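One-letter residues, chain by chain:
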Amino acid sequence: MAVEPVVYGASERPPRGDYSRAGADYTCPQDYASYTPADHATYRRLYERQAALLPGRACDAFIAALPSLGVKDRIPHFDEINQRLYQATRWEIVTVPGLIPEVPFFSLLANRKFPVTDWIRKPEEFDYIVEPDVFHDLFGHVPLLFDPVFADHMQAYGKGGLKAHGLGACELLSRLYWYTVEFGLIRQKDGFRAYGAGILSSPGELQHAIDSPHRIVFDLKRVMRTRYKIDSYQQTYFVIDSFQELFDKTAPDFTPVYARVKTLDELSAAPAAA
Ligand code: PHE
Ligand code: FE
């Protein structure tokens, strides 16, 4: 029986979503029949607005893969996306009622299954939503699952999460996810670009992230030491040069890394005063 998940970061709101729909692995069928015409219109408007902002701001791999999501004028059937995704990288998306606890989350990723929330935000949350909805999860996360190196990294993260759980290091590992998969920047020949889903699915953060002067070269321990806020734009962004770099820098055994980081002070989410 599914129970509500724990979330790290600063937020006092309980998670939304009907967890009684979910099975033991927290997945459920996509409730396609419950989408209203207004829900489909919200998705279409979010997609249109965000797609227009991508050139010069989103990384090349994301822009190249976005059409693989298929229809943009309504919420897609996840099964349709899966036909293409499985062929590309052997990943699949599965439906969940909302945020899920860390162990089931890691287990899904370790099995190359990415959980996607099926409900969509209300019109009054059009610009900003704290919890992930279908637009964030699909538009933000799924395109890069078509990239073979990024796809392998996500599976490694899932396996690493199960290990971190046994080591009492989930919060440290969650910072890695936050500052890469959600809010990572990549340096391309033509400039800094977003690859993090939290940036790519947010109109305000996309511009903010590209303009931000507070960019730090990716450093695993520094990332793990840095707290984060979930209810405002980020104040610090970590930059990689390639997904291969991300994969390689996260491949070593984290056991000694966690042990070391636990002895060091946490760093503020805000940039250090000069
Ligand atoms: N190398 C990590 C470990 O040994 C696992 C991991 C891989 C974590 C990739 C995150 C991303 O724990
Ligand atoms: Fe996300």
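Everything in this summary refers to the structure shown in the same document. What you see is a predicted model, and the numbers here were worked out from it, not measured in a lab.

1. With respect to the pairing of strand β3 (residues 185-188)
Alignment of β3 against strand β4 (residues 191-194), held across four bridges, turns out to be antiparallel. The partner of Arg187 across the bridge, within β4, is Phe192. Where β3 folds back on β4, the antiparallel hairpin that results is connected by two residues.

2. Thoughts on the site of ligand 1
In the vicinity of ligand 1, the contacting residues are His153, Ala156, Tyr157, Gly160, Lys163, Leu173, Leu176, Thr250, Ala251, Pro252, Asp253 and Phe254. Between Pro252 and ligand 1, the recorded distance is 2.6 Å, taken from a backbone N or O atom to a nitrogen atom. One of the backbone N or O atoms of Phe254 is found 3.0 Å from an oxygen atom in ligand 1. In isolation ligand 1 offers 330 Å² of accessible surface; the protein chains occlude 93% of this area. Within the residue set of the shell around ligand 1, elements represented by two or more residues are α6 (148-166) and α7 (170-182). Counting residues per element, the shell around ligand 1 draws most heavily on α6, at five residues. Across the shell around ligand 1, the residue classes break down as seven nonpolar, three polar and two charged.

3. Digging into the coordination of the iron ion (ligand 2)
Tetrahedral metal sites with four donors have an ideal angle of 109.5 degrees; octahedral sites with six donors have ideal angles of 90 or 180 degrees. The protein atoms that coordinate the iron ion (ligand 2) are His136 (NE2), His141 (NE2), Glu182 (OE) and Glu182 (OE), at distances of 1.9 to 2.8 Å. If you look at the iron ion (ligand 2), its four donor atoms make angles of 52 to 138 degrees with each other, and the shape they trace is irregular. Here the donor residues of the iron ion (ligand 2) are spaced in sequence according to H-x4-H-x40-E. Here Glu182 lies in helix α7 and His141 lies in helix α5 (residues 134-141), a separation of 41 residues in the sequence.

4. A short note on the pairing of strand β2 (residues 113-117)
The element β2 is extensively covered by neighbouring structure, given that four of its five residues are classed as buried. The pairing of strand β1 (residues 92-96) with β2 spans five bridges and is classified as parallel. Bridge assignment links Val96 to a residue of β2, and that residue is Thr117.

5. Observations regarding the packing of α6 against α7
Direction vectors running N to C along α6 and α7 enclose 160 degrees, while the axes themselves pass 9 Å from each other. In terms of their interaxial angle, α6 and α7 are classed as roughly antiparallel. Of the two elements, α6 crosses α7, and the hand of that crossing is left-handed. Within the contact between the two elements, α6 uses Phe150, Met154, Tyr157, Gly160, Gly161, Ala164 and His165 and α7 uses Cys170, Leu173, Ser174, Leu176, Tyr177 and Val181. Grouping the constituent residues of the contact of α6 with α7 by class yields nine nonpolar, four polar and no charged.

6. A short note on the nonpolar core
If you look at the biggest cluster of nonpolar residues, it comprises 81 residues, and the most contacted ones within it are Phe62, Ile93, Phe114, Leu138, Val142, Met154 and Tyr195. Dropping the residues within four chain positions of it, Val142 is found in contact with Leu69, Ile81, Leu85, Ile93, Val116 and Asp137.

7. Considerations on the side chain of Thr236
Looking at the secondary structure, you find Thr236 in the loop between α10 (220-225) and β6 (237-240). A polar side-chain atom of Thr236 sits 3.1 Å from the main-chain carbonyl oxygen of Ala269. Other than its neighbours up to four places away in sequence, Thr236 contacts Tyr179, His214, Ile216, Ala269, Ala270 and Pro271.

8. Things to note about the sheet that holds β6
Reading across the sheet, the four strands line up as β4-β3-β6-β5 and stay open at both edges, with mixed pairing between neighbours. Of all strands in the sheet, those bounded by a partner on one side alone are β4 and β5 (215-217). The mean angle between the axes of side-by-side strands here comes to 40 degrees, regardless of whether they run parallel or antiparallel. Helix α9 (residues 203-211) contacts β3, β4, β5 and β6 of the sheet and is inclined by roughly 150 degrees relative to β4.

Criteria and cut-off values
Residues numbered from 1 in each chain as written. Chains lettered and ligands numbered in written order. Predicted model: local features only at pLDDT ≥ 70, side-chain atom pairs only at ≥ 80, totals over all residues. Heavy atoms only, no water. Pairing = 2+ DSSP bridges. Helix = DSSP H or I, 4+ residues; strand = E, 2+ residues; numbered from the N terminus. Near = heavy atom within 4 Å. Polar contact = N/O pair within 3.5 Å; in protein donor to acceptor, adjacent residues only side chain to side chain. Areas by Shrake-Rupley, 256 points an atom, 1.4 Å probe, with all protein chains shown as cover. Nonpolar A, V, L, I, M, F, W, Y, C, P; charged D, E, K, R; others polar. Donors = N, O, S within 2.8 Å, 3.2 Å for Na, K, Ca; no water. Tetrahedral: all angles 85-135°; square planar, octahedral: opposite > 155°, others 65-115°. Buried < 20%, exposed > 50% of the residue type's maximum accessible area, 1.4 Å probe, protein only. Axes fitted to C-alpha atoms, helices over the stretch in contact; angles between N-to-C directions. Parallel < 35°, antiparallel > 145°, perpendicular 65-115°, else oblique. Left-handed = near helix turned anticlockwise from the far one by under 90°. Contact = heavy atoms within 4.5 Å. Core = buried A, V, L, I, M, F, W, Y, C linked by side-chain atoms within 4.5 Å.

Shape is all these values report; function is a separate question.
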